[in-house]
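Observations on the three-dimensional arrangement
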Amino acid sequence: MKNISVIGAGTMGNGIAHVFAQNGFTVALIDVQIAQLEKAMATISKNLDRQVTKGIITEEQKVHTLQHITTYSSITEGVANAELVVEAATENTDLKLNIFRQIDEAAPASAVLASNTSSISITKIAAVTRRPEMVIGMHFMNPVPVMKLVEIINGYATRASVTETIVAITQQLGKVPCVVNDYPGFIANKILMPMLNEAIYSLYEGIAGVEEIDTIMKLGMAHPMGPLQLADFIGLDVCLSILNVLYNGFGNTKYAPCPLLVNMVTAGKLGVKSGEGFYNYAAGSKDLVVSARFK
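Remember, it's a predicted structure, so these values are computed and weren't measured experimentally. (Residues numbered from 1 in each chain as written. Predicted model: local features only at pLDDT ≥ 70, side-chain atom pairs only at ≥ 80, totals over all residues. Heavy atoms only, no water.)

**Focus: the pairing of strand 6 (residues 135-140)**
Buried residues dominate strand 6, accounting for 6 of its 6 residues. On strand 6, burial covers both faces: Val135, Gly137 and His139 on one face and Ile136, Met138 and Phe140 on the other are all buried. Note: strand 5 (residues 112-115) against strand 6, 3 bridges, orientation parallel. Bridge pairing in strand 6 places alanine 114 opposite isoleucine 136. (Buried < 20%, exposed > 50% of the residue type's maximum accessible area, 1.4 Å probe, protein only. Helix = DSSP H or I, 4+ residues; strand = E, 2+ residues; numbered from the N terminus. Pairing = 2+ DSSP bridges.)

Here you go:
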């Protein structure tokens with residue numbers, strides 16, 4: 001496989017396009033919003049500049065990487081020659097199902113269809129296509145150019161040869177593949193999200209403050225980032241969405257989202273992306289400042 005199509009030019013999509021192109025793949029980056037495509041290419045260029053500065057790549061490699069990416073605002077055109085399609089749209093079930101219907105119609109019959117979903121059932125996604133055996137999860141971690149893990153999720157019907165191919169491609173990207181089965185949250189978020197939710201419950205119940213909770217987990221458990229800061233980084237709306245998938249999928253109250261998280265998302269306090277969550281995020285500032293709501 002050399003021709004890769006990436007659908008969605010947001011944070012995850014542009015990162016996925018970046019790593020494929022940097023490793024010699026020909027990439028079609030697709031988004032219906034032209035402004036988002038322009039922003040994505042600017043972000044990729046900036047991230048490549050950072051790699052040049054750190055001596056990770058050369059200026060020539062940066063140029064070659066950018067030359068390997070072509071942008072499209074049409075799914076039909078963007079996947080016409082794809083051997084692998086990686087969907088990296090917003091974590092919304094209806095949106096992803098609609099995209100996979102379109103991909104299935106437009107992509108070559110031999111193309112593997114992958115989703116970067118962090119929680120939505122691969123089996124459910126595969127069921128809207130005519131090739132469920134060719135559908136698989138390829139869950140990259142954020143930031144994609146830096147993080148080594150790719151969680152590979154087998155749907156109920158995923159063919160073993162497809163899994164083997166995706167494992168091999170993941171290794172070509174310099175990533176570490178871990179194959180799991182298709183149950184709510186897979187492994188990464190089945191374990192991570194209850195921890196973040198418990199941290200939010202601890203704040204909600206008044207057991208400790210934002211800084212105390214994060215400091216205990218950083219210094220006591222050697223986590224590079226505290227759970228509340230990490231929730232802000234992921235996006236509180238994304239955390240809520242994944243917890244709802246876990247709660248609805250397992251029917252177990254241990255996955256029930258904390259009411260504080262629900263209220264914050266309802267109020268539009270989504271973390272880094274909105275400028276405020278458990279912390280405030282002033283433009284250009286790297287200092288962590290606890291939101292006034294929690295002082």
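**Quick notes on the pattern of salt bridges**
Enumeration over the complete set of coordinates arrives at 9 salt bridges. Here aspartate 104 ties to arginine 131 by a salt bridge, and the two come within 2.8 Å at their closest N and O atoms. With aspartate 104 in helix 5 (residues 93-106) and arginine 131 in the loop between helix 6 (122-126) and strand 6, this residue pair connects regions lying 27 residues apart in the sequence. Residue aspartate 104 is classed as buried on the basis of its relative accessible area, which comes to 5%. Overall, arginine 131 belongs to the buried group, its relative accessible area being 5%. Bridged by salt links that share partners, the residues Asp104, Glu105, Arg130 and Arg131 form one connected network. (Salt bridge = Lys/Arg side-chain N within 4 Å of Asp/Glu carboxyl O.)

**Observations regarding the packing of helix 2 (residues 34-53) against helix 3 (residues 59-67)**
Following both chains from N to C, one finds helix 2 and helix 3 inclined at 160°, their axes separated by 9 Å at the closest point. By the angle between their directions, the pair helix 2 and helix 3 is classed as roughly antiparallel. In the crossing of helix 2 with helix 3, the sense of the turn from one axis to the other is right-handed. Contact residues: helix 2 offers Met41, Ile44, Ser45, Leu48, Asp49 and Val52, while helix 3 offers Glu59, Lys62, Thr65 and Leu66. In terms of residue class, the contact of helix 2 with helix 3 is built from 5 nonpolar, 2 polar and 3 charged. (Axes fitted to C-alpha atoms, helices over the stretch in contact; angles between N-to-C directions. Parallel < 35°, antiparallel > 145°, perpendicular 65-115°, else oblique. Left-handed = near helix turned anticlockwise from the far one by under 90°. Contact = heavy atoms within 4.5 Å. Nonpolar A, V, L, I, M, F, W, Y, C, P; charged D, E, K, R; others polar.)

**So, a positive patch on the surface**
Taken together, the side chains of Lys46, Arg50, Lys54 and Lys286 present a region of like positive charge at the surface. Among the secondary structure elements, lysine 54 is positioned in the loop between helix 2 and helix 3. (Patch = residues over 30% accessible without salt bridge, like charges linked within 9 Å, V, L, I, M, F, W, Y side chains within 5 Å. Areas by Shrake-Rupley, 256 points an atom, 1.4 Å probe, with all protein chains shown as cover. Lys, Arg positive; Asp, Glu negative; His and termini not counted. Charge placed at Lys NZ, Arg CZ, Asp CG, Glu CD.)

**Examining the sheet that holds strand 8 (residues 176-181)**
Spatial ordering of the open sheet is given by 3-2-1-4-5-6-7-8, a layout of 8 strands whose pairing is mixed. Bordering the open sheet on either side are strand 3 (69-72) and strand 8, each of which pairs with just one other strand. Pairwise comparison of adjacent strand axes, ignoring direction, gives a mean angle of 25° for this sheet. Where strand 1 (residues 3-7) and strand 2 (residues 26-30) come together, 5 bridges link them in parallel fashion. Across the sheet, valine 6 pairs through a bridge with leucine 29, a residue of strand 2.

**Quick look at the pairing of strand 4 (residues 84-87)**
Of the two faces of strand 4, the one holding Leu84 and Val86 and the one holding Val85 and Glu87 are both buried throughout. With 4 bridges joining them, strand 4 and strand 5 adopt parallel strand pairing. Pairing of glutamate 87 across the sheet is with serine 115, part of strand 5.

**Notes on helix 5**
The end-to-end C-alpha distance of helix 5 is 20 Å, a good match for the 20 Å that 14 residues give at a rise of 1.5 Å each. Where helix 5 is buried, its residues meet strand 1, helix 4 (75-78), strand 4, strand 5, helix 6 and strand 6. The opening residue of helix 5, the one whose side-chain oxygen lies 3.2 Å from the backbone nitrogen of aspartate 94, is asparagine 92. (Expected span 1.5 Å × (residues − 1). Polar contact = N/O pair within 3.5 Å; in protein donor to acceptor, adjacent residues only side chain to side chain.)

**Section: the packing of aromatic side chains**
Inspection of every chain in the model, using the stated rule, returns 5 aromatic pairs. Taken together, a centroid distance of 6.1 Å and an interplanar angle of 70° make the contact between tyrosine 201 and tyrosine 204 edge-to-face. On the criterion of helical spacing, the pair formed by tyrosine 201 and tyrosine 204 is a turn pair, its members being 3 residues apart in helix 8 (residues 188-204). According to the relative accessible area criterion, tyrosine 204 is partly exposed, its value standing at 46%. Here the aromatic residues Phe20, Phe25 and Phe140 are joined through ring pairs into a cluster of three or more. Between lysine 2 and the ring centre of phenylalanine 25, over which it is positioned, the NZ or CZ distance is 4.8 Å. Its end group placed over the ring of phenylalanine 250, lysine 190 keeps NZ or CZ at 5.3 Å from the ring centre. (Phe/Tyr/Trp six-rings, centres within 6.5 Å; stacked < 30°, edge-to-face > 60°. Lys NZ or Arg CZ within 6 Å of the ring centre and 35° of its normal.)

**Observations regarding the side chain of lysine 62**
Note that lysine 62 resides in helix 3. Taking the relative accessible area as the measure of exposure, lysine 62 reaches 11% and is therefore buried. Separated by 2.6 Å, the side chains of lysine 62 and aspartate 49 make a polar contact. Sequence-distant contacts of lysine 62, that is, excluding residues within four places in its chain, are made with Ser45, Leu48, Asp49, Val52 and Ile57.

In short, shape yes, function no, at least from these values alone.
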